[in-house]
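# Residue-level structure breakdown
The chain contents come next:
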Amino acid sequence: MSELLLIDDDQELCELLGSWLTQEGFVVRACHDGHSARKALAEQAPAAVVLDVMLPDGSGLELLKQLRSEHAELPVLMLSARGEPLDRILGLELGADDYLAKPCDPRELTARLRAVLRRSHPNATPSQVEIGDLCFSPARGVVSIDEQELALTLSESRILEALLRQPGEPLDKQELAQIALGRKLTLYDRSLDMHVSNLRKKIGPHADGRPRIVALRSRGYYYSL
């Protein structure tokens, strides 16, 4: 049974989602502010976090920053108010693995959580991949460039792993989204592009200045050799 930490100041929504997720086989802890959430995370790291953008004692985005610095691979699904696309974009830029608009369908939340948890425990993951000056450990979610280690989020790690399986060969966006996000992209959905952008910033270009991850218009991405 996977333990979830639900962080939202809407106690009625927490009760509704908690009841549904419990019936679906999850163990749910709920926190209604950033302070109690930080305390709960320090006591025991959950399998995944569902985090609201707005909290009574600060921004959920600030808490996400802290989560990413302390628990780089912890799956985080953000909840944001409908009509606030900027919050979703910022959430993805800061390392959220997925997002849902509120009010959300509990069934879709369950499906998204299961997808992100499946991606956090992949089968037959190689212990290490080395290409040029890049050394990547999928199991640890850590990439080393010239022996300098960088922690990746779950989605970034899955994207890099998929691209390194076939370096130099383009990977279709929909296929990459299925691997990295556990779902297909919808119209105007830029979540995959945001994760790739974050990954590019972390690993930087090759020593000669060429980009490591190349985008091909209407085709997808590939890791350049």
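These numbers come from a predicted model, not from an experiment.

Quick notes on the rules
- Residues numbered from 1 in each chain as written.
- Predicted model: local features only at pLDDT ≥ 70, side-chain atom pairs only at ≥ 80, totals over all residues.
- Heavy atoms only, no water.
- Pairing = 2+ DSSP bridges.
- Helix = DSSP H or I, 4+ residues; strand = E, 2+ residues; numbered from the N terminus.
- Contact = heavy atoms within 4.5 Å.
- Axes fitted to C-alpha atoms, helices over the stretch in contact; angles between N-to-C directions.
- Salt bridge = Lys/Arg side-chain N within 4 Å of Asp/Glu carboxyl O.
- Buried < 20%, exposed > 50% of the residue type's maximum accessible area, 1.4 Å probe, protein only.
- Parallel < 35°, antiparallel > 145°, perpendicular 65-115°, else oblique.
- Nonpolar A, V, L, I, M, F, W, Y, C, P; charged D, E, K, R; others polar.
- UniProt positions renumbered as here; feature names shortened; annotations may be inferred.
- Polar contact = N/O pair within 3.5 Å; in protein donor to acceptor, adjacent residues only side chain to side chain.
- Domains from an automatic or database assignment.
- Buried area = accessible area lost by both parts, 1.4 Å probe.
- Disulfide = S-S within 2.5 Å.

Let's shift gears to the sheet that holds strand 14 (residues 220-223). Note: strands within a sheet are paired through backbone hydrogen bonds, in either parallel or antiparallel orientation. Spatial strand order, 12-14-13: 3 strands in an open sheet with antiparallel pairing. Each having just a single partner strand, strand 12 (171-172) and strand 13 (213-216) make up the two edges of the open sheet. In this structure, strand 13 lies alongside strand 14, joined through 4 bridges in antiparallel fashion. Within strand 14, the residue paired with L216 across the bridge is G220. Here helix 6 (residues 154-165) sits on the sheet in contact with strand 12, strand 13 and strand 14, set at roughly 70 degrees to strand 14.

The next thing to look at is the pattern of salt bridges. Across all of its chains, the model carries 17 salt bridges by this definition. Among the ionic pairs, R114 bridges to E24, the shortest N-O distance being 3.3 Å. Residue R114 is found in helix 5 (residues 106-120), and its partner E24 is found in the loop between helix 1 (11-23) and strand 2 (27-31); the two are separated by 90 residues along the sequence. A relative accessible area of 33% means that R114 is categorised as partly exposed. Residues D193 and K173 are paired through a salt bridge, measuring 2.9 Å at the closest nitrogen-oxygen approach. Here the residue D193 occupies a position in helix 8 (residues 191-203), and K173 occupies one in helix 7 (residues 173-181), the gap between them amounting to 20 residues. The exposure class assigned to K173 is partly exposed, which follows from its relative accessible area of 31%.

Once that is clear, we can look at the packing of helix 6 against helix 8. At a minimum axis separation of 9 Å, helix 6 and helix 8 run at an interaxial angle of 80 degrees. Comparing the axis directions of helix 6 and helix 8 gives the class roughly perpendicular. Facing S155, E156, I159 and L160 of helix 6, the residues of helix 8 in contact are L192, H195, V196, N198, L199 and K202. Here the residues of the contact of helix 6 with helix 8 sort into 5 nonpolar, 3 polar and 2 charged.

The subject of this paragraph is the UniProt feature "modified residue: 4-aspartylphosphate" (unreviewed entry) in the chain. Taken from the UniProt record, the annotation "modified residue: 4-aspartylphosphate" (unreviewed entry) applies to D52. Secondary-structure assignment places D52 in strand 3 (residues 48-52). Here D52 is in contact with I7, D8, D9, G60, L79 and K102, once residues within four sequence places are set aside.

Below, the discussion takes up the sheet that holds strand 10 (residues 142-145). One open sheet accounts for 4 strands, arranged 8-9-10-11; its pairing is antiparallel. Here the strands that pair on one side only, and so sit at the sheet edges, are strand 8 (129-131) and strand 11 (148-151). For this sheet, the mean inter-axis angle between neighbouring strands, taken without regard to orientation, is 20 degrees. One ladder, built from 4 bridges, connects strand 9 (residues 134-137) with strand 10; its direction is antiparallel. Each residue of the ladder has a partner; that of S137, found in strand 10, is V142. Across the face of the sheet, helix 6 comes into contact with strand 8, strand 9 and strand 10 while running at roughly 120 degrees to strand 9.

Another aspect to go through is the side chain of T110. Along the polypeptide, T110 turns up in helix 5. Here the side chain of T110 touches W20 through a polar contact of 2.8 Å, side chain to side chain.

Moving on to the domain arrangement of the chain. Along its sequence, the chain is carved into domain 1 (1-118) and domain 2 (127-221). Computed over C-alpha atoms, the centres of domain 1 and domain 2 are 24 Å apart. With 15 residues of domain 1 in contact, the opposing surface of domain 2 contributes 18 residues. For the pair domain 1 and domain 2, the summed buried area comes to about 1,200 Å², and 53% of that belongs to carbon and sulfur atoms. Among the residues domain 1 hides against domain 2, the three largest losses belong to E73, L92 and D97. Together they make up 44% of the total. One can count 1 salt bridge joining domain 1 with domain 2.

Turning our eyes to something else, we now look at the state of the cysteines. Counting across every chain of the model gives 0 disulfides. Of all cysteine sulfurs, the one in C31 lies closest to C14, which takes part in no disulfide; the gap is 8.8 Å.

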